[in-house]
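Report on the structure
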Amino acid sequence: MTHGDGGAKSLAGAFLDSADSKASPTPTGPTPEELAAAARAKQVKALDAALTKYAATVPEFSVAVLDKKTGQKYSFRGTEKYETASVVKVQVLACLLLTAQDKSRDLTATELSLAKRMIRLSDNDATTSLFAKLGKAPGITKCNKRLGLTQTTVNSAWGLTRTTVDDQVKLLSELVDTKGPLDTDSRDLAYTLMSTVDAAQDWGCRPPPPPATSSP
């Protein structure tokens, strides 16, 4: 969930199928894929209605979720742009990892120390150091293109970078995609840092809650 600019905005959500989804023909009646698409459309309508109602009571926000198993994505105001503030630090991390990969090397001790502080503690000074090392806005922008981020505008003052939830979901998916630009070591390090964020910080990848149990 992201807060940002006010004003009248488009409220339509979107539910996207994976690229390899294909309809299988049946002699009569709707195909299983058509039935599934109809069910998803019903879910989208219900989600849009619920979020539109909620949006009338709170500051502006956007939501996007991606099911990595099916490739389906839902977004509500997915293309609305917001200032990233500290969220941009994940882009900086991804760019740092890509840059080291390009040179066929591991992160230096200094780079790793800065990355740990940037992600685990949301340290601004560490972010500024890495941002400068990576070429500031032009350098991060080049990395964003490789990551498929098409709706993000990097600012020379990194916290004023503007992005969308659609782009942020794309970024997070690239951090775990085995077919993406990041290699296994880079993905593992990104996950390790994102999953060990200091408890005082309200971001990162938290472990899922234990499954609910019922008494007999």
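Residues numbered from 1 in each chain as written. Predicted model: local features only at pLDDT ≥ 70, side-chain atom pairs only at ≥ 80, totals over all residues. Heavy atoms only, no water.

**Here we look at a negative patch on the surface**
Taken together, the side chains of Asp106, Asp183, Asp185 and Asp188 present a region of like negative charge at the surface. Asp183 sits in the partly exposed class, given a relative accessible area of 35%. (Patch = residues over 30% accessible without salt bridge, like charges linked within 9 Å, V, L, I, M, F, W, Y side chains within 5 Å. Areas by Shrake-Rupley, 256 points an atom, 1.4 Å probe, with all protein chains shown as cover. Salt bridge = Lys/Arg side-chain N within 4 Å of Asp/Glu carboxyl O. Lys, Arg positive; Asp, Glu negative; His and termini not counted. Charge placed at Lys NZ, Arg CZ, Asp CG, Glu CD. Buried < 20%, exposed > 50% of the residue type's maximum accessible area, 1.4 Å probe, protein only.)

**Let's talk about the nonpolar core**
Core analysis: the biggest nonpolar cluster contains 34 residues, and Val92, Leu93, Met118, Ile119, Phe131 and Ile140 have the highest contact counts within it. Looking at this core, the elements with two or more residues in it are helix H2 (88–102), helix H3 (109–120), helix H4 (124–133), helix H5 (136–147) and helix H7 (184–194). Not counting residues within four places of it along the chain, the set of residues in contact with Ile119 comprises Lys89, Val90, Leu93, Leu193, Met194, Val197 and Trp203. Core analysis: the next-biggest nonpolar cluster, separate from the first, contains six residues, Val44, Leu51, Phe61 and Tyr74 among them. (Core = buried A, V, L, I, M, F, W, Y, C linked by side-chain atoms within 4.5 Å. Helix = DSSP H or I, 4+ residues; strand = E, 2+ residues; numbered from the N terminus. Contact = heavy atoms within 4.5 Å.)

**Topic: the packing of aromatic side chains**
Summed over the entire model, instances satisfying the criterion amount to two aromatic pairs. Seen in terms of ring centroids, Tyr54 and Phe61 are 5.5 Å apart; in terms of plane orientation they differ by 65°. Their pairing is edge-to-face. Tyr54 gets classed as partly exposed once you look at its relative accessible area, which sits at 38%. Given the relative accessible area of 0%, Phe61 is considered buried. Here a set of aromatic residues connected by ring pairs shows up, and it is made of Tyr54, Phe61 and Phe76. Residue placement shows Arg77 over the ring face of Phe61; its charged tip is 5.9 Å from the ring centre. (Phe/Tyr/Trp six-rings, centres within 6.5 Å; stacked < 30°, edge-to-face > 60°. Lys NZ or Arg CZ within 6 Å of the ring centre and 35° of its normal.)

**Here's the deal with H3**
End to end, H3 covers 16 Å across twelve residues, agreeing with the expected 16 Å (1.5 Å per residue, within 8%). For H3, the full list of buried residues reads Glu111, Leu114, Ala115, Met118 and Ile119. Here the buried residues of H3 occupy an arc of 120° about the axis, which is enough to place them on one side. Residues Ala109 and Thr110 are exposed on H3 and point more than 90 degrees away from its buried face. (Expected span 1.5 Å × (residues − 1). Arc of directions from axis to C-beta.)

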